[in-house]
Amino acid sequence: MSFLVVTILTALLIALFLGFSLLRSRKTREPAAAYDLRVYREQLAGVDKDLARGVIGEADADRVRTEISRRILAADAQMQAGVDRAGPPRWASVTAFAVIALVVVGGAIWMYRQMGAAGLPDQPLSLRLEQAETLRAERPSQAEAEAAAPPAQLPQLDESYANLLNQLRETVAARPDDLQGHILLAQHEANAGNFPAAYAAQQRVIELSGDDIPADAFSHLAEMMILSVGGYVSPEAEEALRQALKRDPRHGPAQYYLGQMMVQIGRPDVGYRVWVDALRDAPVGAPWADAIRAQLDELAFRAGVFNAPEIPAAPGPSQGDVDAAAELTPEERQEMIKGMVNQLSERLASEGGSPEEWARLIAALGVLGEGQRAIDIKNEAMEVFAGNADAIELIDAAALQAGIAQ
């Protein structure tokens, strides 16, 4: 409320200053005729000086004096008659002052009511940081969030796929130490929309993998936890994200969800910095990068950033390509995807490519269900990047995602 009072008083002071200047001007403005009189008198004195120096003759001097004297008499008569008034009438000045006061003061009040928050107490930065830390420490756990969330509506599965999934569940239950079985179970539970079961299987994958766990394993765990509660990042999901970033500080999906968590606890400034760093290293076509770009402008505003850096979007399909793909039947779309995967495979076989491209090919083959081909590509990539620890780790993560990890 004190800020609102200060705003109104400041606007009122500005209006009074403008009004004083407006009303004062009509009293101090000199009539045009008075200015003319001074000029004519100076001209008359100049004629005598020119005559004394011999610049003009006596006859010319008399003629000029006569003309100037006539103009002086006319200007003096104009002043005496009051024909030339000083400025606009008083009623016009008073009306203008009233309009200025109404616009300045009333506009300030209206803008504050629209954009301000008069009913809220002061919120200094130190208090907001303290509130954010409290919210982070006291936010619900994964189990509490799941208990409070409405029941999830699972998609209707094809009967044959549902039978296969039930068989997989039974097999994994009978073989609790089968790493490959839990990898497949986590993948297919997620495909079926059963995210609590998916992250439970992924937790078992991490337990069975020992110390050599890629960043993707923890990122997948966090993502399935987050999806199971509608986008909320719980303390358990945060810990999984931290583990992923510990292994790969530039892991894009983990950075995306970590930035999302920072927004949820009231730290959009930190979330904005995390997302900008993620975008700088985003690979071509990364879906999480598109999600960041769609929300970055709003987050920049909330973070108080008004000169956001220009981060160019990675090249990808045009809107026409997207529209054309949307018109295809599922069979045609599947064939188009297979064609793109085959083109990538042929290019990597003939020209080579980056570890990211090899990893993308392996993951895509896993999604298409071509497990044996994905294994062959993985083995070839292992030979190509032998001795490159970072590339091997990326390929192993793609193999894990494709469900062919060994």
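Scroll up for the structure.
Being a predicted model, the structure only gives us computed values, none of them experimental.

Q: Before we go on, may I ask you to explain the pattern of salt bridges in this structure?
A: Note on pairing: side chains with opposite charge can pair once their charged atoms come close. With the rule as written, the count across this model stands at 16 salt bridges. A salt bridge links R53 to D50, with the nearest nitrogen and oxygen atoms 2.7 Å apart. Of this pair, R53 and D50 both sit in helix α2 (residues 32-53), separated by three residues, roughly a single helical turn. Overall, R53 belongs to the exposed group, its relative accessible area being 63%.

Q: How should I be thinking about the nonpolar core in this particular structure?
A: If you look at soluble globular proteins, the nonpolar side chains tend to sit buried side by side. Residues L241, W275, W288, I292 and L296 are the most contacted members of the largest nonpolar core, which totals 44 residues. Every element with two or more residues in this core is listed here: α9 (195-209), α10 (215-228), α11 (235-247), α12 (252-264), α13 (268-280) and α14 (287-302). For this core, the element with the highest residue contribution is α10, accounting for eight residues. Here L241 is in contact with A222, V233, A254, Y257 and L258, once residues within four sequence places are set aside. One finds L344, I362, F385 and A399 within the second-largest nonpolar core, a separate group that totals 20 residues.

Q: Which parts of the structure should I look at to understand the side chain of E357?
A: Within the secondary structure, E357 is located in helix α17 (residues 355-368). Of note is the side chain of E357, whose polar atom sits 3.0 Å from the backbone nitrogen of S354.

Q: Got a minute to help me understand the packing of α9 against α10 in this structure?
A: The description of two packed helices rests on the angle between their axes and on the distance between the axes. The contact between α9 and α10 brings their axes to 8 Å, and the two run at 160°. By the angle between their axes, α9 is roughly antiparallel relative to α10. The interaxial crossing formed by α9 with α10 has left-handed handedness. Mapping the contact onto sequence places F195, P196, A198, Y199, Q202, Q203 and I206 in α9 and A217, F218, H220, L221, M224, M225, L227 and S228 in α10. Looking at side-chain class alone, the contact of α9 with α10 contains 11 nonpolar, four polar and no charged residues.

Q: Would you mind showing me how to read the packing of aromatic side chains here?
A: Think of a pair of aromatic rings as described by two things: how far the centres are apart, and how the planes are tilted against each other in angle. Overall, the coordinates contain three aromatic pairs when judged by the stated rule. For the pair Y256 and Y257, a centre-to-centre distance of 5.1 Å together with 65° between the ring planes defines the contact as edge-to-face. For Y257, a relative accessible area of 10% corresponds to the buried category. Taken together, a centroid distance of 6.4 Å and an interplanar angle of 85° make the contact between W358 and F385 edge-to-face. Of this pair, W358 sits in helix α17 while F385 sits in the loop between α18 (371-384) and α19 (389-402), and the two are 27 residues apart along the sequence. Comparing W358 with F385, the two get one shared label, buried. Put simply, the rings of Y256, Y257 and W275 touch in pairs and so form one group of aromatic residues.

Q: Would you explain α11 in this entry?
A: In an α-helix, one turn spans 3.6 residues; hence positions three or four apart end up facing the same way. Taking 1.5 Å of rise per residue, 13 residues should cover 18 Å, and α11 covers 19 Å from first to last C-alpha, within 8% of that figure. Residues A237, E238, A240, L241, A244 and L245 constitute the buried set of α11. Taken down its axis, α11 places every buried residue within 160° of arc, on the same side. Contacts from the buried residues of α11 go to α5 (125-138), α10 and α12.

Q: Explain the environment of G106 to me, please; I cannot follow it from the model alone.
A: Structurally, G106 is set in helix α4 (residues 90-115). Among the residues examined, G106 registers a relative accessible area of 30% and is labelled partly exposed. The spacing of G106 and A11 is 95 residues in sequence and 8.7 Å in space, taken between C-alpha atoms.

Q: Can you help me understand the packing of helix α7 (residues 159-174) against helix α8 (residues 179-191) in this one?
A: Between α7 and α8, whose axes approach to 10 Å, the crossing angle comes to 145°. The chirality of how α7 crosses α8 is left-handed. Residues Y161, L165, L168, R169 and V172 of α7 lie in contact with α8, whose contacting residues are G181, H182, L184, L185, H188, E189 and N191. Split by residue class, the contact of α7 with α8 holds six nonpolar, four polar and two charged.

Q: Looking at this structure, I do not really get the environment of A201. What am I missing?
A: Structurally, A201 is set in helix α9. Along the backbone, A201 and A186 are 15 residues apart, and their C-alpha atoms lie at a distance of 5.0 Å. Other than its neighbours up to four places away in sequence, A201 contacts H182, L185 and A186.

Q: Help me understand a nonpolar patch on the surface in this model?
A: Nonpolar side chains collect at one region of the surface, where V5, L9, L12 and L16 lie side by side and expose about 340 Å² of accessible area between them. Tracing the backbone through its elements, the reader meets L16 in helix α1 (residues 2-28). Owing to a relative accessible area of 45%, L16 belongs among the partly exposed residues under this scheme.

Q: Explain α4 to me, please; I cannot follow it from the model alone.
A: Between its first and last C-alpha, α4 extends 37 Å over 26 residues, near the 38 Å set by a 1.5 Å rise per residue. Within α4, the full set of buried residues consists of S93, A101, V105, A108 and Y112.

Conventions used here
- Residues numbered from 1 in each chain as written.
- Predicted model: local features only at pLDDT ≥ 70, side-chain atom pairs only at ≥ 80, totals over all residues.
- Heavy atoms only, no water.
- Salt bridge = Lys/Arg side-chain N within 4 Å of Asp/Glu carboxyl O.
- Helix = DSSP H or I, 4+ residues; strand = E, 2+ residues; numbered from the N terminus.
- Buried < 20%, exposed > 50% of the residue type's maximum accessible area, 1.4 Å probe, protein only.
- Core = buried A, V, L, I, M, F, W, Y, C linked by side-chain atoms within 4.5 Å.
- Contact = heavy atoms within 4.5 Å.
- Polar contact = N/O pair within 3.5 Å; in protein donor to acceptor, adjacent residues only side chain to side chain.
- Axes fitted to C-alpha atoms, helices over the stretch in contact; angles between N-to-C directions.
- Parallel < 35°, antiparallel > 145°, perpendicular 65-115°, else oblique.
- Left-handed = near helix turned anticlockwise from the far one by under 90°.
- Nonpolar A, V, L, I, M, F, W, Y, C, P; charged D, E, K, R; others polar.
- Phe/Tyr/Trp six-rings, centres within 6.5 Å; stacked < 30°, edge-to-face > 60°.
- Expected span 1.5 Å × (residues − 1).
- Arc of directions from axis to C-beta.
- Patch = residues over 30% accessible without salt bridge, like charges linked within 9 Å, V, L, I, M, F, W, Y side chains within 5 Å.
- Areas by Shrake-Rupley, 256 points an atom, 1.4 Å probe, with all protein chains shown as cover.

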